[in-house]
Amino acid sequence: MKVGILGSGAVAKALGKGFLAHGHEPMLGTRDRARLEGWLAENPGSTAGSFADAARFGELLVLAVKGTAAADALRAAGAANLAGKPVIDATNPIADAPPVNGVLKFFTTLDESLMERLQREFPDARLVKAFNSVGNASMVSPAFTGGKPTMFICGSDEGAKKTVTGILDRFGWETADMGAVEAARAIEPLCMLWCIPGFLRQDWVHAFKLLR
Ligand SMILES: NC(=O)c1ccc[n+]([C@@H]2O[C@H](COP(=O)([O-])OP(=O)(O)OC[C@H]3O[C@@H](n4cnc5c(N)ncnc54)[C@H](OP(=O)(O)O)[C@@H]3O)[C@@H](O)[C@H]2O)c1
């Protein structure tokens, strides 16, 4: 599958590498292709272009940009290039203000998530929240002594969630589908919880598991 990844940071690179390892063709999107030269050389088979190039290229898209820039990145990608495609939304609405006692500040509220805002502006993109509640080092083939971790996902398009669940299966995750786009109000703050041990104790190696 051709995968257009909007972003050039740690998440875009980790997922790009993962898609490549699983036989997919990733293209990373950035405003500055030069910053990816080294990574592209180390990951033959991957390519890079503008946000619009990556969105046009992908049959499946990934949004992996700074939360405050998510809407701008999708605007630059172009609504027509997003239309009808599953879009994995890995972003978190982290505000520019510093964390307080290890607790990140969000620019959203508990009644309106970032993904809802994005879905409203781009109604034809089939957004699925995923990969936002774990560090980039564990996104592909997570290895924990406690067993296979759970990725919480949500989105209003069942077909898109099925596609993303297939990817998560292959990347080594168990998927918990929390329902429609509004569930992002609960899934995005998992990022706050995930980061607290990191900010307080430099403990960045963990993931969530849903027990039944
Ligand atoms: N880091 C993690 O382990 C982790 C884990 C889970 C979720 N997340 C979430 O995943 C997203 C990506 O995180 P990251 O750490 O990989 O990278 P990041 O530093 O949060 O974001 C880097 C990306 O944001 C883009 N960007 C920044 N300002 C922009 C603007 N004004 N307009 C358009 N694009 C802009 C950059 O574009 P250019 O390429 O053009 O510079 C770059 O691609 C974030 O929302 C983060 O909260 C991160």
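In the block above lies the structure referred to throughout.
Residues numbered from 1 in each chain as written. Predicted model: local features only at pLDDT ≥ 70, side-chain atom pairs only at ≥ 80, totals over all residues. Heavy atoms only, no water.

Draft legend 1. Geometry of the state of the cysteines. A full pass over the atoms with the stated rule returns 0 disulfides. No disulfide involves Cys154; its sulfur sits 14 Å from that of Cys191, the nearest cysteine. (Disulfide = S-S within 2.5 Å.)

Draft legend 2. Focus on the site of the ligand. What surrounds the ligand is a group of 24 residues, the closest being Ser8, Thr30, Arg31, Arg35 and Val65. In the model, an oxygen atom of the ligand is placed 2.7 Å from a nitrogen or oxygen of the Arg31 side chain. Contacts to the ligand include Gly67, whose backbone N or O atom sits 3.4 Å from an oxygen atom. Each residue belonging to the shell around the ligand can be placed in one class, and the counts come to 11 nonpolar, 10 polar and 3 charged. (Near = heavy atom within 4 Å. Polar contact = N/O pair within 3.5 Å; in protein donor to acceptor, adjacent residues only side chain to side chain. Nonpolar A, V, L, I, M, F, W, Y, C, P; charged D, E, K, R; others polar.)

Draft legend 3. Structural detail: the pairing of strand S6 (residues 126-129). Sheet analysis places strand S5 (residues 86-89) next to S6, joined by 4 bridges and oriented parallel. Paired with Pro86 across the strands is Arg126, a residue of S6. Between the parallel elements S5 and S6, the chain passes through helix H6 (residues 114-121) in a crossover that is right-handed. (Pairing = 2+ DSSP bridges. Helix = DSSP H or I, 4+ residues; strand = E, 2+ residues; numbered from the N terminus. Right-handed = clockwise from strand over helix to strand, strands pointing away.)

These figures capture arrangement, not role.
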